[in-house]
Amino acid sequence: MKKALLVVSLILSVCAANAQNNVRAWYADGQVWVVWEVELPLPLTYSIYGSPSPFANTDNATLLGRPFIFEYGAAALKEQVDTFATYRIPDGQGGLYQLALTEGLFVATPHQAGSLYFAVGKTGETTVTTGVNITDGVVPFSYDPTADPVECHLQATFPSPFAPGYVCQAYMMWADGRQNHWEGRPDFPVMANAAKNGMPGMFMISAPLGIDTTQPLPLTVWLHGGGGTARQSLAGSRPIVNISPVEGILLAHNDDLVGWRDTVPPNLGSVSWHFGWRKNWDPFTPGNLPTGVDTVINYTQRRYLWIDQWLTRRFNIDTTRININGHS
């Protein structure tokens, strides 16, 4: 995974800002989207803070999240879709915003309507400067799980590189992370502990060109092996088992989890084995084995199930014809 980090670093550093953060934020599709210009040298993590009032020091705000470079820099998309890919997100005005190569992203999931100032800084920095690394004004956000639920977001559409006649799509979603894993929204369960709040998750779907979605479709789910990727299970990619659906949709989940695992440094291969991780896992510290009783929560499994349900609603999936497969 050193190659992935090198690619992200080289691309983002081509024309990255040296001082200005230009922090902006807006609400759309049930979540708050925080965008900023990255700085040089590129930090391994950024820290995102929020407060109802303006603040000049992070001690006077709440830490909302701490994304790694792989996460704020869209490394999974760059590795599996396009070297120059950036996040494609709702712009809060009914359209789309494509991030520049020099911009980072964090996504927060509100549990009530309100408004906050958002600040972004390299982890360890405590100073917040008006006009530099904090939003110009307070950012309002709504809360309506029924009429305005959290959504997945299309990032790219491309032909299958493994089989003619199939179209593929890459999607992203961003998890809500909390220590109480039972306090999820009605439309969106908790899918991470608080340390991994806002972590991105990617999945890909494949289908025959011109597929008729007016009729209920079967769904085939594929899970990759340790260190694998969703791209490995696009239509036509595994001739030995012929995973090329004739009349249905093929879904390939990506086990996205970035952070230290004992002495293994943060990288795109830090998988959760498609289940989850410890409630008190600290992804930012090496040698982070448990020192007491802890609980493994099925965070990843919750994400996969929610994505499956989202696809069921959006693509007319026949819930009596869903099958799951995997390999290692």
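Here the structure is a predicted model, which means the values were calculated and not measured.

The rules behind each value
Residues numbered from 1 in each chain as written. Predicted model: local features only at pLDDT ≥ 70, side-chain atom pairs only at ≥ 80, totals over all residues. Heavy atoms only, no water. Core = buried A, V, L, I, M, F, W, Y, C linked by side-chain atoms within 4.5 Å. Buried < 20%, exposed > 50% of the residue type's maximum accessible area, 1.4 Å probe, protein only. Helix = DSSP H or I, 4+ residues; strand = E, 2+ residues; numbered from the N terminus. Contact = heavy atoms within 4.5 Å. Pairing = 2+ DSSP bridges. Expected span 1.5 Å × (residues − 1). Phe/Tyr/Trp six-rings, centres within 6.5 Å; stacked < 30°, edge-to-face > 60°. Lys NZ or Arg CZ within 6 Å of the ring centre and 35° of its normal. Axes fitted to C-alpha atoms, helices over the stretch in contact; angles between N-to-C directions.

Describing the nonpolar core
Judged by nonpolar contacts, the single largest core of 31 residues is most densely connected at Phe203, Ile205, Ile249, Trp306, Trp310, Leu311 and Phe315. Put simply, the parts of the chain that give this core at least two residues each are strand 11 (166-174), strand 12 (200-208), strand 13 (217-223), strand 14 (249-253) and helix 4 (299-314). Ranked by the residues each element gives to this core, the list is headed by helix 4, at six residues. If sequence neighbours within four positions are ignored, Phe203 has contacts with Cys152, Gln169, Ala170, Tyr171, Leu251, Ala252, His253, Ile307, Trp310 and Leu311. One finds Ala75, Phe106, Leu116 and Phe141 within the second-largest nonpolar core, a separate group that totals 26 residues.

Examining the pairing of strand 2 (residues 31-37)
With six of seven residues buried, strand 2 lies mostly within the body of the structure. Relative to strand 2, strand 1 (residues 24-28) runs antiparallel, the two being bridged by five bridges. Along strand 2, the bridge assignment pairs Arg24 with Val35. Taken together, strand 1 and the strand that follows it, strand 2, pair antiparallel across an intervening segment of two residues, in which Asp29 is found at a positive phi of about 50°. Of the strand pairs in this sheet, strand 2 and strand 7 (residues 103-108) are connected by six bridges, and their pairing is antiparallel. Directly across from Val32, in strand 7, lies its bridge partner Ala108.

As for unusual backbone geometry
Cis rather than trans, the peptide bond between Leu40 and Pro41 has omega equal to -5°. On the secondary structure map, Pro41 appears in the loop between strand 2 and strand 3 (46-51). For His274, which is not glycine, the phi torsion reads 65° and is therefore positive. Structurally, His274 is set in the loop between strand 14 and strand 15 (277-278).

Things to note about the environment of Ser142
Counting through the fold element by element, Ser142 comes out in the loop between strand 9 (139-141) and strand 10 (153-159). Exposure remark for Ser142: the relative accessible area of 36% places this residue in the partly exposed category. Along the sequence, Ser142 and Leu250 sit 108 residues apart, while their C-alpha atoms lie 34 Å from each other. Ignoring anything within four residues of it in the chain, the contact list for Ser142 reads Tyr27, Pro110 and Ala113.

Things to note about helix 4
Compared with an ideal rise of 1.5 Å per residue, which puts 16 residues at 22 Å, helix 4 spans 23 Å between its outermost C-alpha atoms and is within 8% of the ideal. Taken together, the buried positions of helix 4 are occupied by Tyr299, Thr300, Arg302, Arg303, Tyr304, Trp306, Ile307, Asp308, Trp310 and Leu311. Positive phi appears at Asn316, one or two residues downstream of helix 4, with a value of about 55°.

Overview of the packing of aromatic side chains
Across all of its chains, the model carries 13 aromatic pairs by this definition. Between Trp26 and Tyr97 the ring centres are 5.6 Å apart and the planes differ by 80°, which places this aromatic pair in the edge-to-face class. Of this pair, Trp26 sits in strand 1 while Tyr97 sits in strand 6 (residues 96-98), placing them 71 residues apart in sequence. Aromatic pair Tyr171 and Trp310: ring centres 5.5 Å apart, planes at 65°, arrangement edge-to-face. Taken together, the residues span a long stretch of sequence, with Tyr171 in strand 11 and Trp310 in helix 4 at a distance of 139 residues. For Trp310, a relative accessible area of 5% puts it in the buried group. Looking at Arg66, its charged tip hangs above the ring of Phe284, at a distance of 4.1 Å from the centre.

Some details on the sheet that holds strand 17 (residues 317-326)
Strands pair in a sheet through their backbones, by hydrogen bonds, and they do so in one of two ways: parallel or antiparallel. Across the sheet, which stays open at both edges, the six strands sit in the order 10-11-12-14-13-17 with mixed pairing between neighbours. Taken across any chain shown, the strands that pair with only one partner, and hence form the sheet edges, are strand 10 and strand 17. Mean inter-strand twist for the sheet, computed between neighbouring axes without regard to direction, equals 20°. As defined by bridge partners, strand 11 adjoins strand 12 across nine bridges and the pair is classed as antiparallel. Residue pairing for strand 12: Tyr171 is matched across the bridge by Phe203. Along the sheet, helix 4 makes contact with strand 11, strand 12, strand 13, strand 14 and strand 17, crossing strand 12 at roughly 40°.

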